[in-house]
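Chain by chain, the residues:
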Amino acid sequence: MRNLIVALGALLALNAAADCEVKIEVGDALKYSTTEVIANASCKEFTVELIHSGTLPAVAMGHNWVLSADSDVDAIATAGIPMGVAKNYLPDDDDRILAATKIIGGGESTSVSFSLDDLESGTAYAFFCSFPGHTSMMRGVFKIG
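Residues numbered from 1 in each chain as written. Predicted model: local features only at pLDDT ≥ 70, side-chain atom pairs only at ≥ 80, totals over all residues. Heavy atoms only, no water.

Draft legend 1. Spatial organisation of the sheet that holds strand β6 (residues 109–115). Reading across from one edge, β1-β3-β6 is the order of the 3 strands in this open sheet, with mixed pairing throughout. Edge positions in the open sheet fall to β1 (21–26) and β6, since each of these has one partner strand only. Adjacent strand axes in the sheet meet at a mean angle of 20° when their direction is disregarded. Of the pairings in the sheet, the one linking β1 to strand β3 (residues 45–52) comprises 6 bridges and is parallel in character. Each bridged residue has a counterpart across the sheet, and for Glu 21 the counterpart in β3 is Thr 47. (Pairing = 2+ DSSP bridges. Helix = DSSP H or I, 4+ residues; strand = E, 2+ residues; numbered from the N terminus. Axes fitted to C-alpha atoms, helices over the stretch in contact; angles between N-to-C directions.)

Put into structure tokens, the structure is as follows:
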């Protein structure tokens with residue numbers, strides 16, 4: 001019985017950790033492996049790992065993961081275009097960007113960790129790829145649940 005209790009405790013701890021991180025895969029197409037991410041409200045920090053399973057380099061088919069209020073997505077993406085791939089197609093020091101990974105190409109991975117404390121309940125959040133032309137198709141909903 002004691003072994004069962006220990007095993008259940010370990011499983012619960014593993015599930016709690018899993019609720020505080022997500023792995024999202026992208027490839028040489030304009031699509032994330034998920035269009036909705038739900039972060040557990042009890043997480044102190046949330047981590048997104050982005051994995052590019054394609055073969056094309058970042059300059060040709062790069063992807064990133066950017067979090068902002070849904071209403072700010074298009075303005076951030078437009079402002080980021082002139083910044084180029086070296087700056088991840090994101091404007092410098094833009095407070096509307098709540099979290100972001102770097103642009104990665106085929107065979108690469110990256111991650112970003114951020115606090116949920118700064119996110120407000122009732123606000124609609126979205127994640128997107130800021131590579132020019134990708135935002136309209138590579139977009140998803142981020143919720144705290």
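Draft legend 2. Looking closely at the nonpolar core. Ranked by internal contacts, the top residues of the largest apolar core, which has 27 residues, are Tyr 32, Phe 46, Trp 65, Leu 67, Phe 114, Leu 116 and Phe 142. The residues contacting Leu 67, other than those within four sequence positions of it, are Arg 96, Ile 97, Leu 98, Ala 99, Phe 114, Leu 119, Tyr 125, Ala 126, Phe 127 and Phe 142. Of all hydrophobic cores here, the second largest spans 8 residues; its members include Val 66, Ile 76, Leu 90 and Ile 97. (Core = buried A, V, L, I, M, F, W, Y, C linked by side-chain atoms within 4.5 Å. Buried < 20%, exposed > 50% of the residue type's maximum accessible area, 1.4 Å probe, protein only. Contact = heavy atoms within 4.5 Å.)

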